Amino acid sequence: MSDEARSDRGWMRHAIGLARLCPPSETAFSVGAVIVGADGVEIIHGWSRETDDKVHAEESALNKLEPDDDRLSSATIYSTLEPCASRGSKDRAPCTDRILAAGIRRVVIAWREPGTFVHNCEGVEKLREHGVEVVELADLAEEAMSMNRHLRL
């Protein structure tokens, strides 16, 4: 296993730990997100429902930073679940749009969003269409899903 793959797995496990901090919900997934700089140091993290009932993990992390933070263009965001391409909360931008606006060029996820709340999430496809590298750690999907087993997956 390469150093990058080992590092990706370590950061994803950190994101999974953050997902366990989410207040349980019957209407949303528990997700953790970590943004890591090119130097391999955590910039910031967040989790679903960290600051309010509607905040997504990626949104929570990005909200803590200035939008023009120059570290973001060389950062990786680790999210336990595929970033959303659309939102039920129409007053909030989808996480894919937030990631693109921040200039993040690399996204690592553990599992794709099932059709529980959004039919045919296309977050990975949207990111890739805009030149973002997306890495899927499917072997960590079970662990990343574990705190969401009360939902229809």
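Everything below is about the structure printed above this text.
Below is a short write-up of the structure. All values reported here derive from a predicted model rather than from experimental measurement.

## Remarks on the overall build of the chain
- Looking only at helices and strands, one finds five helices and five strands in the chain.
- Mapped in sequence order, the helices and strands of the chain form the string α-β-β-α-β-α-β-α-β-α.
- Relative to its length of 153 residues, the chain is compact, with a C-alpha radius of gyration of 14 Å against a globular reference of 15 Å.
- By its C-alpha atoms, the chain is 40 × 35 × 30 Å across when sized along the principal axes.
- The proportion of buried residues among the 153 residues of the chain is 51%.
- Of all intrachain contacts in the chain linking residues separated by at least 6 positions in sequence, the fraction that spans at least 24 positions is 69%.

## Some words on the packing of aromatic side chains
- Applying the stated criterion across every chain yields a total of one aromatic pair.
- Between the aromatic rings of F29 and W111, the centroid separation amounts to 5.4 Å while the plane-to-plane angle is 80°, which identifies the pairing as edge-to-face. Taken together, the residues F29 in the loop between α1 (3-19) and β1 (32-36) and W111 in strand β4 (residues 106-111) connect sequence positions 82 residues apart.
- Residue F29 is classed as buried on the basis of its relative accessible area of 6%.
- On the accessibility criterion, W111 (5% relative accessible area) is buried.
- In this arrangement the basic side chain of K64 is found over the ring face of W47, its NZ or CZ atom lying 5.9 Å from the centre.

Reading the values: rules and limits
Throughout this description, residue numbers start from 1 for each chain and increase along the sequence as written. Restriction of local features to residues with pLDDT of at least 70 applies here, the model being predicted, together with a cutoff of 80 or more for giving and counting side-chain atom pairs; totals for whole chains, interfaces and linings are based on all residues. To get the side-chain values, take all heavy atoms of the structure and skip hydrogens and water. Counting from the N terminus, the helices are DSSP H or I runs at least four residues long and the strands are E runs at least two residues long. In this description the radius of gyration comes from C-alpha coordinates, and the expected globular size is given by 2.2 Å times residues to the power 0.38. Note on classification: 1.4 Å probe, protein chains only; a residue is buried when its accessible area is under 20% of the maximum for its type, exposed when over 50%, partly exposed between these limits. Contacts are assigned to residue pairs with any non-hydrogen atoms lying within 4.5 Å of each other. In summary, the pairing rule links any two rings of Phe, Tyr or Trp, Trp by its six-membered ring, whose centres are within 6.5 Å, and it sorts them by plane angle into stacked for under 30 degrees, edge-to-face for over 60 and tilted for everything else. To sit over a ring, a charge needs its Lys NZ or Arg CZ within 6 Å of the ring centre and within 35 degrees of the ring normal.

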